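An overview of the molecular structure
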Amino acid sequence: LGNFSFGDYFKKEAIPFAWELLTTTWKLAPDRLFPTIFKGEAAIPRDAEAHAIWTKLVPADRITELGLAENFWAMGDTGPCGPCSEIHYFQGDQLPCPETAAGRACPGVECECDRWLEVWNLVFMQYDRDGQGALNPLPAPCVDTGMGLERVAAVVQGRLSNYDTDLFTPLLDAVARRVGKAYGKDAADDVSMRVVADHLRAMTF
C-alpha cells in the first residue's frame, strides 16, 4: 500500500499525501501519529527538507530524528539509496513495555514494545552510491512506500492483532467450524488455526 513515484513527485507531495490518507480518509487520530526523519550520520546530511515539511503538519517536538539503522534505506553497498521518513501509531500506555516494567521510561517510537507501531515508511531514493561510497544525486528521485494492508487494517479497526481484523476472522471462523473447536479458547489451538488461515489466504493469492 501507499504511494510510489518514479521521478514524478517527491517529498513535498508524498508526505502530505500520507498524512491526508491516514488522518482524513482513514480518520486516524492525528495526535496518535508520530513521524521520524533521518538525523544525518556517517557524512550523510540530515533530512532537513522532510523535517521542514513535517513541521507544517505536526508540532516539531513530535518528530523523532533517527540514524542510519532506522531511517536510511540502501539497496546494497552501491546503487540507489536515501533517507526514510516513518510514521508511527501510538497504541496506548495500557500495553506492556519492558522498559517501564524495569522502572525506566518508555523511549517512544524507538522502543521495541507494542505501544508504538510503524504504519508507514516513506523511502526517499535520492542518491546513487558509487564504488567509493560517494553519494551522487539521482537525476529523478523516487518515492517508495513500505506499508502493510494487515497492519493498517488492525489500526483502523482498533485491533492489536492482524488476526482480529476482518481480513482474517471469516477464515478463522470457517477453520474453527471445520475442526470443531472455538477460536479464542485455547492458545495452542489458536496458533494452529491462524497458521491454517494464513496459508489458505496465501494460496488464494
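Scroll up to find the structure.
A brief look at the structure comes next. Worth saying up front: this structure is predicted, and the values here are computed from it rather than measured.

1. Observations regarding the pairing of strand E7 (residues 135-146)
Note that strand E1 (residues 5-6) and E7 share 2 bridges and pair antiparallel. Paired with Phe6 across the strands is Cys142, a residue of E7. Pairing analysis gives 8 bridges linking strand E6 (residues 116-129) to E7, with the strands arranged antiparallel. Counted as the bridge partner of Asn121 is Gly146 from E7. Taken together, E6 and the strand that follows it, E7, pair antiparallel across an intervening segment of 5 residues, in which Gly133 is found at a positive phi of about 90°.

2. Some thoughts on the pattern of salt bridges
Scanning the model with the defined rule gives 8 salt bridges in all. Residues Arg46 and Glu65 are paired through a salt bridge, measuring 2.9 Å at the closest nitrogen-oxygen approach. You can see Arg46 sitting in the loop between strand E2 (33-38) and helix H2 (48-54) and its partner Glu65 sitting in strand E3 (residues 64-66), a full 19 residues away along the chain. Overall, Arg46 belongs to the partly exposed group, its relative accessible area being 37%. With a relative accessible area of 30%, Glu65 lands in the partly exposed category. For Lys181, the salt bridge identified is with Asp189, shortest N-O distance 3.6 Å. Judged by its relative accessible area of 44%, Lys181 is partly exposed. Asp189 sits in the partly exposed class, given a relative accessible area of 23%.

3. Some details on the packing of aromatic side chains
In this description, an aromatic ring pair is defined by two values, namely the gap between the centres and the angle between the planes. Applying the stated criterion across every chain, the model contains 7 aromatic pairs. Ring centres of Phe10 and Phe124 lie 5.5 Å apart, and the angle between their planes is 70°; on these two criteria the pair is classed as edge-to-face. With a gap of 114 residues between them, Phe10 in the loop between E1 and helix H1 (11-25) and Phe124 in strand E6 connect regions that are remote in the sequence. Given the relative accessible area of 14%, Phe10 is considered buried. Ring centres 4.6 Å apart and planes at 40° place the aromatic pair Phe90 and Trp116 in the tilted group. Of this pair, Phe90 sits in strand E5 (residues 79-90) while Trp116 is found in strand E6, placing the two residues 26 residues apart along the sequence. Three or more aromatic residues joined by ring pairs make a cluster, and in this case those are Phe34, Phe90 and Trp116.

Quick notes on the rules
Residues numbered from 1 in each chain as written. Predicted model: local features only at pLDDT ≥ 70, side-chain atom pairs only at ≥ 80, totals over all residues. Heavy atoms only, no water. Pairing = 2+ DSSP bridges. Helix = DSSP H or I, 4+ residues; strand = E, 2+ residues; numbered from the N terminus. Salt bridge = Lys/Arg side-chain N within 4 Å of Asp/Glu carboxyl O. Buried < 20%, exposed > 50% of the residue type's maximum accessible area, 1.4 Å probe, protein only. Phe/Tyr/Trp six-rings, centres within 6.5 Å; stacked < 30°, edge-to-face > 60°.

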